[in-house]
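# Results of the structural survey
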Amino acid sequence: MGINEGDKIAIFGDYNLPGIRWIATIPPYCHIDSSGSSLSRSCTIFLDGMYSSGFEQINNGRNYAGNTLDLILVNQALDGLFILEDIVDPLVPADPAHPPFCLLIKDCFNSTVIMNPDDELDFASFDYKRANYDALNQRLAEIDWSTVCLSTNVDDSVENFSQILHHVFGDYIPLQRPSVKPPWSNSELRNLKRKRNAAHRTYRTLRSYKICSYRYKSLNNKLYRRYARKIERNLKRNPKQFWNFVNSKRKDTGLPSAMHLDHRAARTCAEKCSLFAEFFASVFDSPLATSESTAALSFVPSEVIDADTFTITAEDLLLALSKLKMSFRPGPDGVPASILKKCSANLIAPLQHILNLSLRQSCFPTLWKKIIHVSGAQKKMLKMT
(Lines give C-alpha, C1' and ligand atoms only; values in the text may rest on other atoms or scores of the structure.)
Protein backbone atom coordinates (compact mmCIF):
# COMPACT_ATOMS: atom_id res chain seq x y z
CA MET A 1 0.00 0.00 0.00
CA GLY A 2 1.42 3.37 -1.01
CA ILE A 3 1.48 5.99 1.74
CA ASN A 4 2.03 9.65 0.97
CA GLU A 5 3.19 12.41 3.27
CA GLY A 6 0.22 13.92 5.05
CA ASP A 7 -1.94 10.80 4.82
CA LYS A 8 -4.11 10.31 7.88
CA ILE A 9 -3.86 6.79 9.28
CA ALA A 10 -5.66 5.06 12.14
CA ILE A 11 -5.01 1.38 12.95
CA PHE A 12 -7.35 -0.65 15.17
CA GLY A 13 -6.68 -4.09 16.56
CA ASP A 14 -6.75 -6.56 19.40
CA TYR A 15 -3.01 -6.73 20.05
CA ASN A 16 -3.43 -8.89 23.17
CA LEU A 17 -0.52 -7.31 25.03
CA PRO A 18 -1.71 -7.28 28.66
CA GLY A 19 1.81 -6.64 29.87
CA ILE A 20 1.65 -2.99 28.77
CA ARG A 21 -0.15 -0.65 31.17
CA TRP A 22 -1.28 2.51 29.35
CA ILE A 23 -1.88 5.86 31.07
CA ALA A 24 -3.12 9.14 29.52
CA THR A 25 -0.33 11.43 30.71
CA ILE A 26 -0.80 13.90 27.86
CA PRO A 27 -4.40 13.40 26.67
CA PRO A 28 -5.50 12.17 24.26
CA TYR A 29 -2.24 10.26 23.82
CA CYS A 30 -1.34 7.36 26.09
CA HIS A 31 2.09 6.39 27.31
CA ILE A 32 3.55 3.41 29.11
CA ASP A 33 3.30 3.19 32.88
CA SER A 34 6.78 1.84 33.48
CA SER A 35 6.09 1.01 37.10
CA GLY A 36 2.96 -1.03 36.32
CA SER A 37 4.06 -2.67 33.05
CA SER A 38 5.70 -6.03 32.50
CA LEU A 39 7.29 -5.86 29.06
CA SER A 40 7.84 -9.11 27.26
CA ARG A 41 9.88 -9.49 24.06
CA SER A 42 6.70 -9.18 21.94
CA CYS A 43 5.77 -5.98 23.80
CA THR A 44 9.20 -4.49 23.14
CA ILE A 45 9.07 -5.36 19.43
CA PHE A 46 5.59 -3.83 19.15
CA LEU A 47 6.58 -0.58 20.91
CA ASP A 48 9.75 -0.19 18.85
CA GLY A 49 7.81 -0.62 15.61
CA MET A 50 5.00 1.73 16.72
CA TYR A 51 7.21 4.64 17.75
CA SER A 52 9.70 4.23 14.87
CA SER A 53 6.77 4.43 12.41
CA GLY A 54 5.52 7.69 13.95
CA PHE A 55 2.38 6.33 15.64
CA GLU A 56 0.86 7.07 19.03
CA GLN A 57 -1.59 4.94 21.02
CA ILE A 58 -4.77 6.67 22.27
CA ASN A 59 -6.92 4.02 24.01
CA ASN A 60 -6.50 3.48 27.75
CA GLY A 61 -9.89 1.87 28.41
CA ARG A 62 -9.44 -1.19 30.59
CA ASN A 63 -11.41 -4.41 30.64
CA TYR A 64 -12.68 -6.38 33.64
CA ALA A 65 -9.15 -7.64 34.37
CA GLY A 66 -7.63 -4.15 34.25
CA ASN A 67 -5.89 -4.71 30.89
CA THR A 68 -6.02 -2.76 27.63
CA LEU A 69 -6.07 -5.26 24.78
CA ASP A 70 -7.68 -3.19 22.00
CA LEU A 71 -5.29 -0.50 20.78
CA ILE A 72 -5.80 2.46 18.45
CA LEU A 73 -2.71 3.75 16.67
CA VAL A 74 -2.82 7.16 14.95
CA ASN A 75 -0.15 9.10 13.11
CA GLN A 76 0.75 12.76 13.49
CA ALA A 77 -1.44 13.84 10.56
CA LEU A 78 -4.53 12.99 12.66
CA ASP A 79 -3.50 15.22 15.55
CA GLY A 80 -6.54 17.20 16.72
CA LEU A 81 -8.88 15.51 14.25
CA PHE A 82 -10.27 12.70 16.38
CA ILE A 83 -12.45 12.19 19.44
CA LEU A 84 -12.45 8.94 21.39
CA GLU A 85 -15.53 8.15 23.47
CA ASP A 86 -16.80 5.22 25.47
CA ILE A 87 -20.09 3.66 24.38
CA VAL A 88 -22.48 3.78 27.30
CA ASP A 89 -25.38 1.88 25.73
CA PRO A 90 -23.98 -0.62 23.17
CA LEU A 91 -26.34 -2.12 20.60
CA VAL A 92 -25.30 -5.67 21.55
CA PRO A 93 -24.05 -7.12 24.85
CA ALA A 94 -20.48 -5.96 25.39
CA ASP A 95 -17.60 -8.39 25.70
CA PRO A 96 -16.14 -7.80 29.19
CA ALA A 97 -12.66 -8.42 27.80
CA HIS A 98 -13.11 -5.82 25.04
CA PRO A 99 -14.99 -2.68 26.19
CA PRO A 100 -16.62 -0.95 23.20
CA PHE A 101 -15.55 2.53 22.14
CA CYS A 102 -16.33 5.07 19.42
CA LEU A 103 -13.65 6.91 17.45
CA LEU A 104 -14.86 9.97 15.55
CA ILE A 105 -12.47 11.18 12.84
CA LYS A 106 -13.37 14.54 11.30
CA ASP A 107 -12.25 16.69 8.37
CA CYS A 108 -9.97 14.06 6.89
CA PHE A 109 -11.74 13.28 3.63
CA ASN A 110 -11.57 15.20 0.38
CA SER A 111 -14.88 16.97 -0.14
CA THR A 112 -14.56 17.04 -3.92
CA VAL A 113 -17.38 15.01 -5.47
CA ILE A 114 -16.54 12.72 -8.40
CA MET A 115 -19.70 11.97 -10.33
CA ASN A 116 -20.59 8.55 -11.61
CA PRO A 117 -23.73 8.45 -13.77
CA ASP A 118 -24.58 4.98 -12.46
CA ASP A 119 -24.47 6.02 -8.81
CA GLU A 120 -27.27 7.52 -6.79
CA LEU A 121 -26.03 11.05 -6.31
CA ASP A 122 -26.17 12.63 -2.87
CA PHE A 123 -24.80 16.14 -2.34
CA ALA A 124 -26.79 16.83 0.82
CA SER A 125 -23.55 16.85 2.84
CA PHE A 126 -22.78 20.37 1.55
CA ASP A 127 -24.17 23.24 3.63
CA TYR A 128 -25.34 25.55 0.86
CA LYS A 129 -26.68 28.07 3.38
CA ARG A 130 -23.15 28.83 4.58
CA ALA A 131 -21.55 28.88 1.12
CA ASN A 132 -19.16 31.72 0.29
CA TYR A 133 -21.15 32.94 -2.71
CA ASP A 134 -18.92 35.98 -3.34
CA ALA A 135 -15.79 33.86 -3.67
CA LEU A 136 -17.72 31.21 -5.61
CA ASN A 137 -18.90 33.83 -8.11
CA GLN A 138 -15.35 35.07 -8.58
CA ARG A 139 -14.19 31.50 -9.25
CA LEU A 140 -17.04 30.82 -11.68
CA ALA A 141 -16.21 34.01 -13.59
CA GLU A 142 -12.72 32.58 -14.27
CA ILE A 143 -13.91 29.20 -15.55
CA ASP A 144 -13.55 28.30 -19.22
CA TRP A 145 -16.93 26.84 -20.22
CA SER A 146 -15.77 25.76 -23.67
CA THR A 147 -16.20 22.04 -22.83
CA VAL A 148 -19.88 22.83 -22.22
CA CYS A 149 -20.60 25.44 -24.87
CA LEU A 150 -18.76 23.71 -27.72
CA SER A 151 -20.38 20.34 -27.18
CA THR A 152 -23.04 19.28 -29.67
CA ASN A 153 -24.56 16.63 -27.39
CA VAL A 154 -26.89 17.85 -24.66
CA ASP A 155 -26.03 14.98 -22.28
CA ASP A 156 -22.31 15.66 -22.60
CA SER A 157 -22.87 19.38 -22.01
CA VAL A 158 -24.92 18.79 -18.85
CA GLU A 159 -22.44 16.27 -17.46
CA ASN A 160 -19.46 18.59 -18.07
CA PHE A 161 -21.41 21.47 -16.53
CA SER A 162 -22.21 19.49 -13.39
CA GLN A 163 -18.70 18.14 -13.02
CA ILE A 164 -17.18 21.62 -13.21
CA LEU A 165 -19.58 22.93 -10.57
CA HIS A 166 -19.05 20.03 -8.20
CA HIS A 167 -15.29 20.33 -8.59
CA VAL A 168 -15.34 23.84 -7.07
CA PHE A 169 -18.04 23.18 -4.47
CA GLY A 170 -15.55 21.71 -2.00
CA ASP A 171 -13.49 24.93 -1.97
CA TYR A 172 -16.32 27.38 -1.29
CA ILE A 173 -19.13 25.37 0.31
CA PRO A 174 -18.53 23.87 3.77
CA LEU A 175 -19.83 20.49 4.80
CA GLN A 176 -22.90 20.39 6.97
CA ARG A 177 -22.32 20.60 10.69
CA PRO A 178 -23.56 17.64 12.69
CA SER A 179 -27.12 18.40 13.68
CA VAL A 180 -27.96 18.66 17.35
CA LYS A 181 -29.44 15.34 18.35
CA PRO A 182 -31.94 15.00 19.75
CA PRO A 183 -33.57 18.26 18.52
CA TRP A 184 -34.96 18.98 22.01
CA SER A 185 -31.49 18.91 23.53
CA ASN A 186 -30.21 21.91 25.50
CA SER A 187 -27.03 22.82 27.35
CA GLU A 188 -28.24 21.28 30.60
CA LEU A 189 -29.00 17.94 28.94
CA ARG A 190 -25.65 17.91 27.12
CA ASN A 191 -23.87 18.70 30.38
CA LEU A 192 -25.64 15.79 32.10
CA LYS A 193 -24.66 13.50 29.25
CA ARG A 194 -21.00 14.48 29.65
CA LYS A 195 -21.20 13.83 33.39
CA ARG A 196 -22.85 10.46 32.80
CA ASN A 197 -20.15 9.45 30.31
CA ALA A 198 -17.43 10.65 32.66
CA ALA A 199 -18.94 8.63 35.51
CA HIS A 200 -19.05 5.59 33.26
CA ARG A 201 -15.42 6.02 32.24
CA THR A 202 -14.19 6.22 35.81
CA TYR A 203 -16.81 3.81 37.13
CA ARG A 204 -15.42 4.24 40.63
CA THR A 205 -18.81 3.53 42.13
CA LEU A 206 -21.85 2.03 40.46
CA ARG A 207 -24.02 4.41 42.46
CA SER A 208 -22.50 7.58 40.93
CA TYR A 209 -23.10 6.29 37.40
CA LYS A 210 -26.69 5.28 38.16
CA ILE A 211 -27.44 8.73 39.63
CA CYS A 212 -26.02 10.54 36.57
CA SER A 213 -27.82 8.16 34.20
CA TYR A 214 -31.14 8.62 36.03
CA ARG A 215 -30.86 12.42 35.95
CA TYR A 216 -30.01 12.40 32.26
CA LYS A 217 -32.91 10.11 31.31
CA SER A 218 -35.38 12.09 33.44
CA LEU A 219 -34.43 15.42 31.87
CA ASN A 220 -34.32 13.88 28.38
CA ASN A 221 -37.88 12.54 28.75
CA LYS A 222 -39.09 15.87 30.13
CA LEU A 223 -37.57 17.85 27.24
CA TYR A 224 -38.91 15.36 24.69
CA ARG A 225 -42.47 15.75 25.96
CA ARG A 226 -42.10 19.54 25.90
CA TYR A 227 -40.75 19.41 22.35
CA ALA A 228 -43.64 17.18 21.19
CA ARG A 229 -46.22 19.54 22.71
CA LYS A 230 -44.55 22.51 21.00
CA ILE A 231 -44.76 20.77 17.62
CA GLU A 232 -48.43 20.00 18.20
CA ARG A 233 -49.19 23.63 19.02
CA ASN A 234 -47.32 24.84 15.92
CA LEU A 235 -48.90 22.30 13.55
CA LYS A 236 -51.01 24.85 11.69
CA ARG A 237 -48.27 27.48 11.55
CA ASN A 238 -45.36 25.16 10.81
CA PRO A 239 -46.58 21.84 9.32
CA LYS A 240 -43.15 21.13 7.84
CA GLN A 241 -41.63 20.83 11.32
CA PHE A 242 -44.40 18.41 12.31
CA TRP A 243 -43.88 16.13 9.32
CA ASN A 244 -40.11 16.20 9.75
CA PHE A 245 -40.65 14.97 13.30
CA VAL A 246 -43.07 12.26 12.10
CA ASN A 247 -40.69 11.12 9.38
CA SER A 248 -37.84 10.91 11.88
CA LYS A 249 -39.91 8.35 13.80
CA ARG A 250 -40.49 6.18 10.77
CA LYS A 251 -38.20 3.34 9.89
CA ASP A 252 -38.98 3.66 6.17
CA THR A 253 -37.24 6.80 4.89
CA GLY A 254 -38.30 6.82 1.23
CA LEU A 255 -38.35 4.61 -1.81
CA PRO A 256 -37.67 0.93 -1.08
CA SER A 257 -34.28 -0.45 -2.01
CA ALA A 258 -35.94 -2.68 -4.61
CA MET A 259 -39.13 -2.10 -6.63
CA HIS A 260 -41.02 -4.74 -8.62
CA LEU A 261 -43.27 -4.80 -11.68
CA ASP A 262 -44.47 -7.98 -13.38
CA HIS A 263 -42.01 -10.16 -11.47
CA ARG A 264 -39.06 -7.95 -12.41
CA ALA A 265 -36.95 -6.13 -9.83
CA ALA A 266 -35.29 -2.71 -10.08
CA ARG A 267 -32.63 -1.58 -7.63
CA THR A 268 -30.80 1.37 -9.19
CA CYS A 269 -32.32 4.78 -9.93
CA ALA A 270 -32.14 4.18 -13.69
CA GLU A 271 -33.87 0.79 -13.40
CA LYS A 272 -36.63 2.24 -11.18
CA CYS A 273 -37.24 5.09 -13.63
CA SER A 274 -37.46 2.60 -16.50
CA LEU A 275 -40.08 0.57 -14.62
CA PHE A 276 -42.12 3.70 -13.96
CA ALA A 277 -41.87 4.72 -17.63
CA GLU A 278 -42.96 1.27 -18.75
CA PHE A 279 -45.88 1.24 -16.31
CA PHE A 280 -47.17 4.67 -17.34
CA ALA A 281 -46.77 3.81 -21.03
CA SER A 282 -48.90 0.69 -20.51
CA VAL A 283 -51.85 2.72 -19.20
CA PHE A 284 -51.46 5.68 -21.53
CA ASP A 285 -54.11 5.88 -24.25
CA SER A 286 -52.08 7.16 -27.17
CA PRO A 287 -54.85 7.48 -29.86
CA LEU A 288 -57.12 9.49 -27.55
CA ALA A 289 -54.26 11.71 -26.43
CA THR A 290 -53.15 12.27 -30.01
CA SER A 291 -56.63 13.27 -31.16
CA GLU A 292 -57.03 15.64 -28.21
CA SER A 293 -53.62 17.20 -28.88
CA THR A 294 -54.47 17.67 -32.57
CA ALA A 295 -57.79 19.28 -31.69
CA ALA A 296 -56.10 21.61 -29.20
CA LEU A 297 -53.41 22.63 -31.69
CA SER A 298 -56.08 23.56 -34.24
CA PHE A 299 -56.95 26.58 -32.10
CA VAL A 300 -53.35 27.85 -32.09
CA PRO A 301 -52.73 30.49 -34.77
CA SER A 302 -50.13 29.51 -37.34
CA GLU A 303 -46.60 30.91 -37.17
CA VAL A 304 -46.99 31.90 -33.52
CA ILE A 305 -43.87 29.95 -32.61
CA ASP A 306 -41.39 27.93 -34.61
CA ALA A 307 -39.67 25.33 -32.45
CA ASP A 308 -36.83 25.05 -34.96
CA THR A 309 -35.87 28.72 -34.69
CA PHE A 310 -37.00 29.49 -31.14
CA THR A 311 -34.08 30.57 -28.95
CA ILE A 312 -33.83 31.26 -25.24
CA THR A 313 -32.03 34.55 -24.76
CA ALA A 314 -29.77 35.51 -21.88
CA GLU A 315 -32.39 38.03 -20.73
CA ASP A 316 -35.07 35.31 -20.67
CA LEU A 317 -32.84 33.06 -18.63
CA LEU A 318 -31.82 35.75 -16.15
CA LEU A 319 -35.47 36.63 -15.59
CA ALA A 320 -36.40 32.98 -15.03
CA LEU A 321 -33.53 32.41 -12.59
CA SER A 322 -34.44 35.54 -10.64
CA LYS A 323 -37.93 34.11 -10.08
CA LEU A 324 -36.66 30.81 -8.67
CA LYS A 325 -37.75 30.07 -5.13
CA MET A 326 -34.71 30.15 -2.87
CA SER A 327 -33.93 26.56 -1.94
CA PHE A 328 -30.77 24.96 -0.56
CA ARG A 329 -31.85 21.41 -1.35
CA PRO A 330 -29.82 19.95 -4.26
CA GLY A 331 -31.65 18.94 -7.41
CA PRO A 332 -31.22 15.78 -9.50
CA ASP A 333 -27.74 16.87 -10.62
CA GLY A 334 -26.72 18.00 -7.13
CA VAL A 335 -27.09 21.74 -7.85
CA PRO A 336 -29.61 23.59 -5.65
CA ALA A 337 -31.68 26.58 -6.72
CA SER A 338 -29.58 28.82 -4.46
CA ILE A 339 -26.53 28.26 -6.68
CA LEU A 340 -28.48 28.98 -9.88
CA LYS A 341 -30.09 32.08 -8.37
CA LYS A 342 -27.09 33.65 -6.61
CA CYS A 343 -24.56 32.77 -9.32
CA SER A 344 -26.84 33.34 -12.31
CA ALA A 345 -24.65 36.00 -13.94
CA ASN A 346 -21.73 33.57 -14.23
CA LEU A 347 -23.82 30.58 -15.27
CA ILE A 348 -25.80 32.18 -18.09
CA ALA A 349 -23.49 31.10 -20.93
CA PRO A 350 -23.41 27.34 -20.19
CA LEU A 351 -27.08 27.18 -19.15
CA GLN A 352 -28.24 29.04 -22.26
CA HIS A 353 -26.28 26.67 -24.47
CA ILE A 354 -27.67 23.59 -22.69
CA LEU A 355 -31.31 24.71 -22.86
CA ASN A 356 -31.19 25.77 -26.51
CA LEU A 357 -29.36 22.57 -27.43
CA SER A 358 -32.04 20.58 -25.60
CA LEU A 359 -34.78 22.34 -27.59
CA ARG A 360 -33.07 21.83 -30.94
CA GLN A 361 -32.43 18.14 -30.27
CA SER A 362 -35.82 17.59 -28.59
CA CYS A 363 -33.94 15.81 -25.82
CA PHE A 364 -34.24 16.28 -22.06
CA PRO A 365 -30.81 15.81 -20.39
CA THR A 366 -30.43 12.33 -18.91
CA LEU A 367 -28.59 13.54 -15.81
CA TRP A 368 -31.52 15.72 -14.83
CA LYS A 369 -33.72 12.62 -14.69
CA LYS A 370 -31.41 10.64 -12.45
CA ILE A 371 -33.07 11.00 -9.04
CA ILE A 372 -36.85 11.16 -9.21
CA HIS A 373 -38.92 10.22 -6.15
CA VAL A 374 -42.56 9.53 -7.01
CA SER A 375 -44.05 8.56 -3.66
CA GLY A 376 -47.68 8.37 -4.81
CA ALA A 377 -47.25 6.07 -7.78
CA GLN A 378 -44.92 3.61 -6.12
CA LYS A 379 -47.72 2.17 -3.94
CA LYS A 380 -49.78 1.08 -6.95
CA MET A 381 -46.77 -0.47 -8.62
CA LEU A 382 -45.94 -2.45 -5.47
CA LYS A 383 -49.53 -3.71 -5.24
CA MET A 384 -49.35 -5.08 -8.78
CA THR A 385 -46.61 -7.58 -7.89
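Everything that follows concerns the structure shown earlier in this document.
Residues numbered from 1 in each chain as written. Predicted model: local features only at pLDDT ≥ 70, side-chain atom pairs only at ≥ 80, totals over all residues. Heavy atoms only, no water.

### Structural notes on the overall build of the protein
The following threshold applies: Only DSSP runs of H or I reaching four residues or more are called helices, and only runs of E reaching two or more are called strands; each is numbered from the N terminus. Whether two residues are in contact is decided by their heavy atoms, any of which lying within 4.5 Å being enough. What sets the accessible areas is the Shrake-Rupley method with a 1.4 Å probe; for residues, cover comes only from the shown protein chains.
On a plain count of helices and strands, the protein comes out with 13 helices and nine strands. Sequence separation of at least 24 residues holds for 66% of the intrachain contacts in the protein that already meet a minimum separation of 6. For the protein, the accessible surface area stands at approximately 25,400 Å², while carbon and sulfur atoms represent 54% of it.

### A closer look at the pattern of salt bridges
Put simply, the test is: A side-chain nitrogen of Lys or Arg and a carboxyl oxygen of Asp or Glu constitute a salt bridge if their distance falls within 4 Å. The buried label applies to any residue whose accessible area, calculated with a 1.4 Å probe on protein chains only, is under 20% of its type's maximum; exposed applies above 50%, and partly exposed to all values in between.
Taken as a whole and judged by the stated rule, the model has two salt bridges. Put simply, Asp127 and Arg130 hold a salt bridge, and the shortest N to O gap is 2.8 Å. We note a salt bridge from Glu278 to Arg264, for which the minimum N-O separation is 2.6 Å. Of the two residues, Glu278 sits in helix H8 (residues 269–282) while Arg264 sits in strand E9 (residues 264–266), which places them 14 residues apart along the sequence. The class for Arg264 is partly exposed, based on a relative accessible area of 36%.

### Concerning the nonpolar core
For clarity, the cut-off: Buried Ala, Val, Leu, Ile, Met, Phe, Trp, Tyr and Cys residues form a nonpolar core when they are joined through side-chain atoms within 4.5 Å.
Within the largest apolar cluster, 30 residues are counted, with the highest numbers of intra-cluster contacts made by Leu140, Trp145, Phe161, Leu165, Phe169, Ile339 and Leu347. Of all the elements in the fold, those that place two or more residues in this core are helix H2 (133–141), helix H4 (154–172), helix H10 (314–322), helix H11 (337–342) and helix H12 (344–361). With seven residues, H4 is the largest single contributor of residues to this core. Not counting residues within four places of it along the chain, the set of residues in contact with Leu165 comprises Leu140, Trp145, Val335 and Leu347. Counting residues in hydrophobic clusters, the runner-up holds 12 residues, among them Ile9, Leu17, Cys30 and Met50.

### Remarks on the packing of H2 against H4
The packing of two helices is summarised by the inter-axis angle and the distance between the axes. Quick note on the threshold: Angles run from 0 to 180 degrees between N-to-C directions of axes, and those axes are lines fitted to C-alpha atoms, restricted for helices to the stretch in contact. Each helix crossing is assigned a hand: it is left-handed if the near helix lies turned anticlockwise from the far helix by less than a right angle, otherwise right-handed if that turn is clockwise.
Where H2 meets H4, the axes come as close as 10 Å, and the angle between the chain directions of the two elements is 145°. When the axes of H2 and H4 are compared, the crossing they make is right-handed. Facing Ala135, Leu136, Arg139 and Leu140 of H2, the residues of H4 in contact are Leu165, Val168 and Tyr172.

### With respect to the packing of H4 against H12
Keep this limit in mind: Here roughly perpendicular refers to angles of 65 to 115 degrees, roughly parallel to angles under 35, roughly antiparallel to angles over 145, and oblique to all remaining angles. Amino acid classes used here: Ala, Val, Leu, Ile, Met, Phe, Trp, Tyr, Cys and Pro are nonpolar; Asp, Glu, Lys and Arg are charged; the rest, including Gly, are polar.
Axis separation between H4 and H12 bottoms out at 9 Å; the angle between their running directions is 160°. On the basis of their axis angle, the class for H4 and H12 is roughly antiparallel. Read as a crossing pair, H4 and H12 show a hand that is left-handed. Where H4 abuts H12, its residues Val154, Ser157, Val158, Phe161 and Leu165 lie against Leu347, Pro350, Leu351, His353, Ile354, Leu357, Ser358 and Gln361. In the contact of H4 with H12, the residues fall into nine nonpolar, four polar and no charged.

### Concerning the environment of Ser257
Looking at the secondary structure, you find Ser257 in the loop between helix H7 (239–249) and strand E8 (259–261). Ser257 gets classed as exposed once you look at its relative accessible area, which sits at 62%. In this structure the C-alpha to C-alpha distance between Ser257 and Cys269, which are 12 residues apart in sequence, comes to 9.7 Å. Among all residues touching Ser257, those that are not within four sequence positions of it are Ala266, Arg267 and Lys272.

### What about the pairing of strand E2 (residues 22–26)?
Note the threshold: Two strands pair under a simple rule: DSSP has to find at least two bridges between them.
Pairing of E2 with strand E3 (residues 29–32), which is carried by three bridges, proceeds in the antiparallel orientation. Looking across to E3, one finds that Ile26 is bridged to Tyr29. Connecting E2 to the antiparallel partner E3 that follows it, the hairpin turn spans two residues.

### Some points on a positive patch on the surface
Heads up, the condition is: The patches described consist of residues with a relative accessible area above 30% and no salt bridge, like charges being joined within 9 Å and nonpolar side chains (Val, Leu, Ile, Met, Phe, Trp, Tyr) within 5 Å. For this count, His and the chain ends are skipped, Lys and Arg are scored as positive, and Asp and Glu as negative. Charged side chains are reduced to one point each, which is NZ for Lys, CZ for Arg, CG for Asp and CD for Glu.
On the surface, a cluster of positive charge is made up of Lys222, Arg225, Arg226, Arg229, Lys230, Arg233 and Arg237. You can call Arg226 partly exposed: its relative accessible area is 44%.

### Observations regarding the environment of Pro336
Within the fold, Pro336 resides in the loop between H10 and H11. Note on Pro336: relative accessible area 0%, which makes it buried. Residues Pro336 and Tyr128, 208 residues apart in the sequence, show an inter-C-alpha distance of 8.0 Å. The contact partners of Pro336, leaving out residues within four places of it in the chain, are Tyr128, Ser327, Phe328, Arg329, Pro330 and Gly331.

### Things to note about H2
Listing the buried residues of H2 in full gives Tyr133, Ala135, Leu136, Asn137 and Leu140. Next to the buried residues of H2 lie H4, H11 and H12.

### Here's the deal with the packing of aromatic side chains
The criterion, for reference: When the centres of two rings from Phe, Tyr and Trp lie within 6.5 Å, Trp using its six-membered ring, the rings pair. Their planes under 30 degrees apart give stacked, over 60 give edge-to-face, and anything left gives tilted.
The final tally for this structure, using the stated rule, is 14 aromatic pairs. Between the aromatic rings of Tyr128 and Phe169, the centroid separation amounts to 5.9 Å while the plane-to-plane angle is 80°, which identifies the pairing as edge-to-face. A residue pair is termed long-range when its members are at least 10 positions apart, and Tyr128 in the loop between strand E7 (101–105) and H2 and Phe169 in helix H4 qualify at 41 residues. Phe169 carries the same exposure label as Tyr128, and that label is buried. Ring geometry for Trp184 and Tyr224: centres 4.8 Å apart, planes at 75°, overall edge-to-face. On the criterion of sequence distance, the pair formed by Trp184 in the loop between H4 and helix H5 (187–202) and Tyr224 in helix H6 (residues 206–233) is long-range, its members being 40 residues apart. Here the aromatic cluster, defined as three or more aromatic residues joined through ring pairs, consists of Trp184, Tyr224, Tyr227 and Phe245.

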